[in-house]
Amino acid sequence: MKSVAALAREKAEARKQAEVEAATQAAEKERTRKKPRPVPAFMPEVAVEASGRPRMVSAAAQRKAFLIAASAGRVLAASGVDLLAMGDNDNGANQRERESAAAKVMLQLQEDQRRLKEIQSIERKIALKAELLPGYAGWIDGMIKAGKASASPLDQVFTALMAWRIDTGDIKGAMPMIEHALLNGLAMPDRFKRETPAFVVEQVSEAAIRAYEAGEDAARAFPAAVLPAIEDLIDLVDADIHDEITAKLHRALGMAILAGAKEDDADDLTARQGQALRCYQRALQLDEKVGVKKPITQLQSALKKAGALPENSPEAQTPPEQGGAGA
């Protein structure tokens, strides 16, 4: 007859063995259980015929659905939709909502561009752009906050609206858009015929030159700080731009430096004249037709008179005019 201790030991071992077997069976069941595969957010819906059989969607339709859905997150973020909540409760209705929101932005711009084409006057076109831009403000902010996603047609919607802001003279308001576009490599719409860095530099530089040539109120109103900011961005992204366009930026920088001079502060005026002279000379090196030859001569004369430009200094000599090096 077994002792009480032996019986207790056998009972404990049997219970332990039963627990091990139960755990093993549960693990095997979990391993072999078929789990549903997650459906990527960009997968287009499959059309269903009246008979209930799936109908193949064309390759073009699939690409369109992908491009719209790939941009939907940024569109919804801009409109204040809770993306996390939608992710927790994703279904076909939410996918259609995202696609509809993205498509709506593109269709709205197409409609607004149609209205602009019907107007002949440049002045009236600019006025209409200024009227329409506030309607896109929330969407623009959402795109910037969302950062860079996969390439999308909405990127060119963004750069088209950036161009509108520059056209309307809101250079300061355009700067966050310019920074976002340059840092993320967003392309301009095909009709612009230029890459984004070249477009930005030329348009902003020409706007600055016009403002400083007009003088007084126009010169004071121009946000001069955007010029060195754009110069830094162009250097940061190492953009390859035609020399003639870069020359305009250096001319604009020189004009902005002089515009901020204090006429009653001789030291400040002389320092600014020296900086502007270097900007103009660099502009002339890049493009002999940029329009800085006369200002260079005037600045050299003023600096020599102030004793701030020795005859043998590089700035005292007009750089040799350089022809184009070819394409």
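Everything here concerns the structure above.
In this text the structure is predicted, and so the values were computed from the model without any measurement.

J.: Could you give an account of helix α12 (residues 243-259), with specific residues and numbers?
T.: Taking 1.5 Å per residue, 17 residues should reach 24 Å; α12 reaches 24 Å between its end C-alpha atoms and fits that length. Those residues of α12 that sit buried are I245, A247, L249, H250, R251, A252, L253, G254, M255, A256 and I257. Against the buried residues of α12 lie α9 (196-214), α11 (226-237) and α13 (266-286).

J.: Quick one: what's the story with the side chain of K125, residue by residue and with numbers?
T.: Residue placement: K125 occurs in helix α5 (residues 122-132). The charged side chain of K125 is buried without a salt bridge, its nearest counter-charge being E118 at 9.5 Å. Apart from the residues within four sequence positions on either side, K125 is in contact with L116, K117, I119 and Q120.

J.: Account for a negative patch on the surface, naming residues and giving values.
T.: A cluster of like negative charges, contributed by E195, D232, D235, D238, D240, D243 and E244, occupies part of the molecular surface. Of all elements in the fold, only α11 and α12 reach the threshold of two or more residues within the negative patch. Along the chain, D243 turns up in helix α12.

J.: How would you sum up unusual backbone geometry? Please name residues and give values.
T.: Despite not being glycine, K193 shows a phi value in the positive range, around 60 degrees. Take K193: it is sitting in the loop between α8 (171-183) and α9. Here K193 falls in the exposed class, since its relative accessible area comes to 74%. Although it is not a glycine, D238 sits at a positive phi angle of roughly 55 degrees. Relative to the helices and strands, D238 is located in the loop between α11 and α12. On the basis of relative accessibility, which here comes to 66%, the residue D238 falls in the exposed class.

Calculation criteria
Residues numbered from 1 in each chain as written. Predicted model: local features only at pLDDT ≥ 70, side-chain atom pairs only at ≥ 80, totals over all residues. Heavy atoms only, no water. Helix = DSSP H or I, 4+ residues; strand = E, 2+ residues; numbered from the N terminus. Expected span 1.5 Å × (residues − 1). Buried < 20%, exposed > 50% of the residue type's maximum accessible area, 1.4 Å probe, protein only. Contact = heavy atoms within 4.5 Å. Lys, Arg positive; Asp, Glu negative; His and termini not counted. Salt bridge = Lys/Arg side-chain N within 4 Å of Asp/Glu carboxyl O. Patch = residues over 30% accessible without salt bridge, like charges linked within 9 Å, V, L, I, M, F, W, Y side chains within 5 Å. Areas by Shrake-Rupley, 256 points an atom, 1.4 Å probe, with all protein chains shown as cover. Charge placed at Lys NZ, Arg CZ, Asp CG, Glu CD.

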